[in-house]
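One-letter residues, chain by chain:
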Amino acid sequence: RACSDVATFHYAEGPEEREQQPGDDLPPRGWFPAEDPGFTADAPPSGRWVDCLGEVLGTHGPFDAVLGFSEGAIAAAVLCACQQENLPLGEQQVHSLRGMMVFGAPDVPGIPEIDLPSLHFGSGKDNIVPLELSQQLAGRFTNAKLVEHANGHCVPTKPDLEAEMHSFLKGLRGLPEVEVEGAALEEHTDELECLKDMYGGGEAQIISTSPARLRIRLVDLTSAFFVLPPRYPEECPPVVLVETSDWRVSPFEADLKRAMMEAVDEGSPSIWQMTTAGQEWLEGHLANYTGANAPGQQVQQEEEEEEEEVVIPWWDKDDIDMEAMRAATEEAAAAGPPPASRDSGSQSYLKPWTYTVGLVGKPSAGKSTFFNSVARYREGKMAEMSERPFTTIDPNIDTAYFAAPSPHEEWGIADCQPELGFIAGGRRATVMLKDVAGLVPGAHSGNGKGNFFLSCLCDADALIHVIDASGQTTEEGALGEGDPVRDIQWVREELHLWIFGNIRRKWDSVRRKAKAQRVTQEAVLERLADLLVGYHTTRSTIFTVLERAGFSVAKIVAGREGIATWGEAEVHRLVAHFLHARFPIVLAMNKADGVKSKANIERVREAYPHDVVVPVCARAEWWLKEYTRQKQIKYEEGTDQVTALETASDQVRERAAVLSTKVLGAFGSTGVLRALTQAVEMRQPVFCFPVEDTGTCASVIHGKTAGPPLATMVMLRPMATLGDAFEALKHDRYLAGQLVRGEVKGINRAIRKDEILPSVCVVKIMSNRKSNYQRKPGHQPGDVESGSEGEEENGAE
């Protein structure tokens, strides 16, 4: 109790039952079958007590400090020694401890010198653990303090001694977080990053990744502090602590915590659900107070007072204006593709664009099959494919290939040699492909695999919605009658409501900001932008979206167009246009060879005339590539050409003939390459081909001063400039030094550093220093070539 304001305690009970003595209500428990377990630095400890403590660490840890009394103090000291020597305790690694406090603690033979703060309480009147043994244990800690008392073998409770405990634990709170390289769990880190993206940096703060700790603001003056145990979420929930300086909340912290814990979805990530439950509890609780109340005074309603009608603002209502949302979605789609603009995505212009495509759709639509059909083949590393719902739980991420444009025909370069070769429609280039768990109706509010998996899409540059064109699976992914047109609608609505819900929860703060006296336009725009930057976008893009949605940025603060006057419909318009610009979607009509698929594809095209619709047979693409690897067929990716080889079995020949007619002949290809390529083209990247000479088009490549014609290509963000191209090539060590001059093939003049490049361009960039791969023998990194203040003699760097 004396330290409850500086720490939260978890009591761990020893596994050994002792003989019950007269006066004991229950048999006492201990930690060891013998009094001293000892410690050996070259081997981890073992025994029932190790299993017991390992279970506690796995389901309730990690912990900042360990406290122990008597036998428990021995266990505490061994725990610290395991951290010092990097030894596991059972199945758990100990790496988060910042200190130890023990009472009546005997020495533990064999433990090394431990570099942790420690506080030891010992007594000259202790008849069980003599004071000398407590002194010996304290001597094994480099930063130890021993406090003597006269109360014998006990945890002392005198005020001055409790003050020592309080001061020690408070001091540990001021120490930096313990971060251990390589100890972070990937799934924990992913969830933390997704939550930070979803709530924004101002609302969610990652304290550390190893151990995984996160602070999320619930309301003003109140936050939730989450700690993710190693076995979270499969076997245990996160540990949550309430942090508040609000007098209206402090007495009810236990109630708030209980409401959050009731929202835990066992076996699944639950922090978003817990945070939402906490915010809803606080909303109801704080409604009992007004700003004029003194501490402890609740608003009292006179029984005879006539009740006034309460008008609930739209952002506090449970229901959503679906008609307004659908009208906004149609408006954004009819506006057409947004024009290319700078700063419109999730990554920097100072490096090549690592383009990421996210796969979305309901369970059993064929997302994982699509993923396997285009992802880089690695034996034994395919995503699981099945007709059962939720085949995918953790996102599948890998490299895939699309068809990038090649300028070799335009410039008559017959011997063009792309680094990754040619592919139907262009040259082979890479993107990152991310396959997340299937969505179901209500995913934005946690149904199915829920909002967490929506948040996994934050880093995607475009989306491919994989749809079951056959209409043979329900919205939940089970076998049954389905409607592809309806599937597109509700998946799109889930994406919209995911963003809308995050904005709605914080809308009152934006409105109040806009209504504040002497508020500047920049401050209001900054607060509004904070709601959307978590989706890996930038403020300039958000301002472009505002204008595109019909809002005047110049009038955003005051007047009839001011943000304080916005209703739900206006926010739906903002979200719809933002979603359209930030996450363009290709509709991949999978299982296009089904009986009803042709009719369903036409229905989709009629219902969504502004969308890119691509018939796809992902299973056919996977099969063609699989038997090409087995050398039974010859298949040219992205074309309608497949030939059975002499080694092919009769069954393979028959299957290849069927696919040649019903898929390749009917659609011209399986459609997967076309869908992926379309997803890249929607964001209007710049394809830059760096060369040593614009005449021969000899490429800048690693390892040589010049390579084959047009071998190298880098993909840059929309409206990239010559300066951006130079920085990207410098990032990948094709170039070094500082930009001197640039030329673009077909433009008969020097190009300015800030000049926007054509969407496909052959570029010669000259710098004042050679990159490491170009240096002459004996040249040292950092040396500058002769004449480095100007252009290099060969003009190639």
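Refer to the preceding data block for the structure.
Since the structure is predicted, the reported quantities are computational estimates derived from the model, not experimental observations.

Rules used in this analysis
- Residues numbered from 1 in each chain as written.
- Predicted model: local features only at pLDDT ≥ 70, side-chain atom pairs only at ≥ 80, totals over all residues.
- Heavy atoms only, no water.
- Helix = DSSP H or I, 4+ residues; strand = E, 2+ residues; numbered from the N terminus.
- Buried < 20%, exposed > 50% of the residue type's maximum accessible area, 1.4 Å probe, protein only.
- Contact = heavy atoms within 4.5 Å.
- Areas by Shrake-Rupley, 256 points an atom, 1.4 Å probe, with all protein chains shown as cover.
- Pairing = 2+ DSSP bridges.
- Axes fitted to C-alpha atoms, helices over the stretch in contact; angles between N-to-C directions.
- Parallel < 35°, antiparallel > 145°, perpendicular 65-115°, else oblique.
- Nonpolar A, V, L, I, M, F, W, Y, C, P; charged D, E, K, R; others polar.
- Expected span 1.5 Å × (residues − 1).
- Arc of directions from axis to C-beta.
- Salt bridge = Lys/Arg side-chain N within 4 Å of Asp/Glu carboxyl O.
- Phe/Tyr/Trp six-rings, centres within 6.5 Å; stacked < 30°, edge-to-face > 60°.

Undergrad: Is there a simple way to think about the overall build of the protein chain in this case?
TA: The helix and strand tally for the protein chain stands at 19 helices and 27 strands. Taking all 797 residues of the protein chain together, 51% fall into the buried category. Sequence separation of at least 24 residues holds for 69% of the intrachain contacts in the protein chain that already meet a minimum separation of 6. Carbon and sulfur atoms make up 48% of the accessible area of the protein chain, which totals about 37000 Å².

Undergrad: Could you clarify how one ought to interpret the side chain of K434 in this entry?
TA: Position of K434 among the secondary structure elements: in strand 16 (residues 426-435). For K434, a relative accessible area of 10% puts it in the buried group.

Undergrad: Hey, could you run me through the sheet that holds strand 7 (residues 114-123) in this one?
TA: The strands making up a sheet are joined through hydrogen bonds of the backbone, oriented either antiparallel or parallel. The strand order across the open sheet built from four strands is 3-6-7-8, with neighbouring strands paired in parallel fashion. Only two strands of the sheet have a single neighbouring strand rather than two, namely strand 3 (65-69) and strand 8 (141-149). Mean inter-strand twist for the sheet, computed between neighbouring axes without regard to direction, equals 15°. Here strand 7 runs beside strand 8; their pairing, made up of eight bridges, is parallel. Paired with H120 across the two strands is L146, which belongs to strand 8. The sheet contacts of helix 4 (residues 159-173) involve strand 3, strand 6 (99-103), strand 7 and strand 8, and relative to strand 7 the element is tilted by about 170°.

Undergrad: Any chance you could explain the packing of helix 11 (residues 484-515) against helix 12 (residues 521-530) here in plain terms?
TA: For any two helices packed against each other, one specifies the inter-axial angle together with the distance between the axes. For the pair helix 11 and helix 12, interaxial distance at closest approach is 9 Å and the crossing angle is 175°. Our classification of the angle between helix 11 and helix 12 gives roughly antiparallel. For the pair formed by helix 11 and helix 12, the contact residues are K506, W507, S509, V510, K513 and A514 on the first element and A523, V524, R527 and L528 on the second. For the contact of helix 11 with helix 12, a count of residues per class yields six nonpolar, one polar and three charged.

Undergrad: Just to check I follow, could you spell out the sheet that holds strand 22 (residues 686-690) for this structure?
TA: Pairing in this open sheet of four strands is mixed, and the strands run 25-22-27-26 from one edge to the other. With one partner strand each, in any of the chains shown, strand 25 (714-716) and strand 26 (736-744) form the two edges of the open sheet. Neighbour-to-neighbour, the strand axes of this sheet turn through a mean angle of 40°, independent of strand direction. Contacts between helix 19 (residues 722-731) and the sheet are confined to strand 22, strand 25, strand 26 and strand 27 (760-769), with strand 26 contributing the most and set at about 135° to the helix.

Undergrad: Can you walk me through helix 4 in this structure?
TA: Each full turn of the α-helix corresponds to 3.6 residues, which orients residues three or four apart in the same direction. For helix 4, spanning 15 residues, the distance from its first C-alpha to its last is 21 Å, which sits close to the expected 21 Å at 1.5 Å a residue. Residues of helix 4 that are buried: L161, M165, F168, L169 and L172. Viewed along the axis of helix 4, the buried residues span an arc of 90°, placing them on a single side of the element. Away from its buried face by more than 90 degrees, helix 4 exposes P159, D160, K170 and R173. In this structure, the buried side of helix 4 is in contact with strand 3, strand 6, strand 7 and strand 8.

Undergrad: What is the right way to read helix 14 (residues 568-582) from this model?
TA: In this model, helix 14 (15 residues) spans 21 Å end to end at C-alpha, consistent with the 21 Å of a helix rising 1.5 Å per residue. Taken together, the buried positions of helix 14 are E568, V571, H572, L574, V575, A576, H577, F578, L579, A581 and R582. Packed against the buried residues of helix 14 are helix 8 (322-334), helix 11, helix 12 and helix 13 (539-548).

Undergrad: What is the right way to look at the pattern of salt bridges in this model?
TA: A full pass over the atoms with the stated rule returns 31 salt bridges. Put simply, K625 and E637 hold a salt bridge, and the shortest N to O gap is 3.1 Å. Pair noted here: K625 is in helix 16 (residues 618-629) and E637 is in the loop between strand 20 (633-635) and strand 21 (642-644), with a separation of twelve residues, a long-range link. Grouping residues by exposure puts K625 and E637 together as buried. For the salt bridge of E626 with R629, the shortest nitrogen-to-oxygen distance reads 3.2 Å. Within this pair, E626 and its partner R629 are both found in helix 16, separated by three residues, close to a single helical turn. A relative accessible area of 16% places E626 in the buried class. Residue R629 is classed as partly exposed on the basis of its relative accessible area of 34%.

Undergrad: Looking at this structure, how should I read the packing of aromatic side chains?
TA: The description of an aromatic ring pair uses the distance of the two centres, along with the angle that the planes make with each other. With the rule as written, the count across this model stands at eleven aromatic pairs. Look at W314 and W315: their rings are 5.7 Å apart centre to centre, the planes differ by 85°, and that puts the pair in the edge-to-face class. We note that W314, like W315, is buried. Aromatic rings pair up to connect W314, W315, F500, W507, F551 and W566 into one cluster.

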